[in-house]
Amino acid sequence: MKINVGTAVNIDVTQFQIAVTSSPSPRIDFSLQDAGISFGIVGSLAMLFGIAINITSKINKISFTVDGIQEALKLHATNAEKIKELDKRFDIHLQDYVNYKDANLLSHNGLGERIDHKWDRSESEFNAMKTNIKDLQSFLHRTNDFKIRE
């Protein structure tokens, strides 16, 4: 058998043997068991995907919580610095109060000692006057018949 391809080429097909085996087209059998396995795989993948999303969301919550804790710690650190400043100021005021109290106590005790000293001196003066008055009364009584009223 000769095939005339165009005008210039003549091919003799009898010389070529083409071995063609006819194989049946692959048949795809999809049974209920295969469908169950496929649905199981798809369900497992969906569950794994859901677990991954759940874990990711929990990690994000933990991350946000840690960020919040860090911000709170920074705030507390600045508050601690303020408290240290206030504590130093309070110590200064407390020392001023102690010094003021000591000064007032010394002044009070000094006044008390001064008053006691003046009282003792006044008491000795009063006793001296009292004895002078008694002497004068006894003198007047002896000389003039002077009567003493008490």
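Note that the coordinates shown come from a computational prediction; the quantities given were computed from them, not determined experimentally.

1. Some points on the overall build of the protein
Here's step 1: A tally of regular secondary structure across the protein gives one helix and two strands.
Here's step 2: When the helices and strands of the protein are listed from N to C terminus, the series reads β-β-α.
Here's step 3: Out of the 150 residues in the protein, the part that is buried amounts to 1%.
Here's step 4: Carbon together with sulfur atoms contributes 63% to the accessible area of the protein, which is approximately 14,600 Å² in total.

2. Examining a negative patch on the surface
Here's step 1: A cluster of acidic side chains, namely E113, D116, D120 and E123, defines a negative patch on the protein surface.
Here's step 2: In this fold, D120 is placed in helix α1 (residues 32-144).
Here's step 3: The exposure class assigned to D120 is partly exposed, which follows from its relative accessible area of 48%.

3. Description of the pattern of salt bridges
Here's step 1: Summed over all chains, the structure comprises two salt bridges.
Here's step 2: Its salt-bridge partner being E71, residue K74 comes within 4.0 Å of it at the nearest N-O pair. In this pair, K74 and E71 both sit in helix α1, three residues apart, roughly one turn of the helix.
Here's step 3: The class for K74 is exposed, based on a relative accessible area of 52%.
Here's step 4: Among the ionic pairs, R89 bridges to E85, the shortest N-O distance being 3.4 Å. Here E85 and R89 lie together in helix α1, a separation of four residues that amounts to about one turn.
Here's step 5: Note on R89: relative accessible area 48%, which makes it partly exposed.
Here's step 6: E85 gets classed as partly exposed once you look at its relative accessible area, which sits at 46%.

4. Some remarks on the confidence of the model for the protein
Here's step 1: Looking at the protein as a whole, the pLDDT averages 82, with 77% of positions reaching at least 70.
Here's step 2: Averaged pLDDT values for the elements of the protein fall to 52 in strand β1 (residues 2-5) and rise to 89 in α1.

5. Side note on a nonpolar patch on the surface
Here's step 1: Nonpolar side chains collect at one region of the surface, where I37, I41, L45, M47, L48, I51, I55 and I59 lie side by side and expose about 810 Å² of accessible area between them.
Here's step 2: Among the structural elements, L48 can be located in helix α1.
Here's step 3: Looking at L48, the relative accessible area reads 54%, which means it is exposed.

About the criteria used
- All residue numbers refer to positions counted from 1 along the written sequence of the respective chain.
- It should be noted that, the model being predicted, local features are given only for residues of pLDDT at least 70 and side-chain atom pairs only at 80 or more, the latter also being counted only at that level, while totals for whole chains, interfaces and linings use all residues.
- Water and hydrogen atoms were dropped before computing side-chain values, which therefore reflect all heavy atoms in the structure.
- Here a helix means four or more residues in a row that DSSP labels H or I, a strand means two or more in a row labelled E, and each is numbered from the N terminus.
- For every residue, the accessible area obtained with a 1.4 Å probe (protein chains only) is divided by the maximum for its type, and the residue is called buried under 20%, exposed over 50%, and partly exposed between those limits.
- Methods summary: accessible areas were calculated by the Shrake-Rupley approach with a probe of 1.4 Å, and residue burial reflects only the protein chains presented.
- Note that patches include only residues with greater than 30% relative accessible area and no salt bridge, and the join distances are 9 Å for like charges and 5 Å for nonpolar side chains (Val, Leu, Ile, Met, Phe, Trp, Tyr).
- The term salt bridge refers to a pairing of a side-chain nitrogen on Lys or Arg with a carboxyl oxygen on Asp or Glu at a separation within 4 Å.
- Within this scheme the basic residues Lys and Arg register as positive and the acidic residues Asp and Glu register as negative, but His and the chain ends are omitted.
- To locate a charge, take atom NZ for lysine, CZ for arginine, CG for aspartate or CD for glutamate.
- Residue-level confidence of the predictor is summarised by pLDDT, bounded by 0 at the bottom and 100 at the top.

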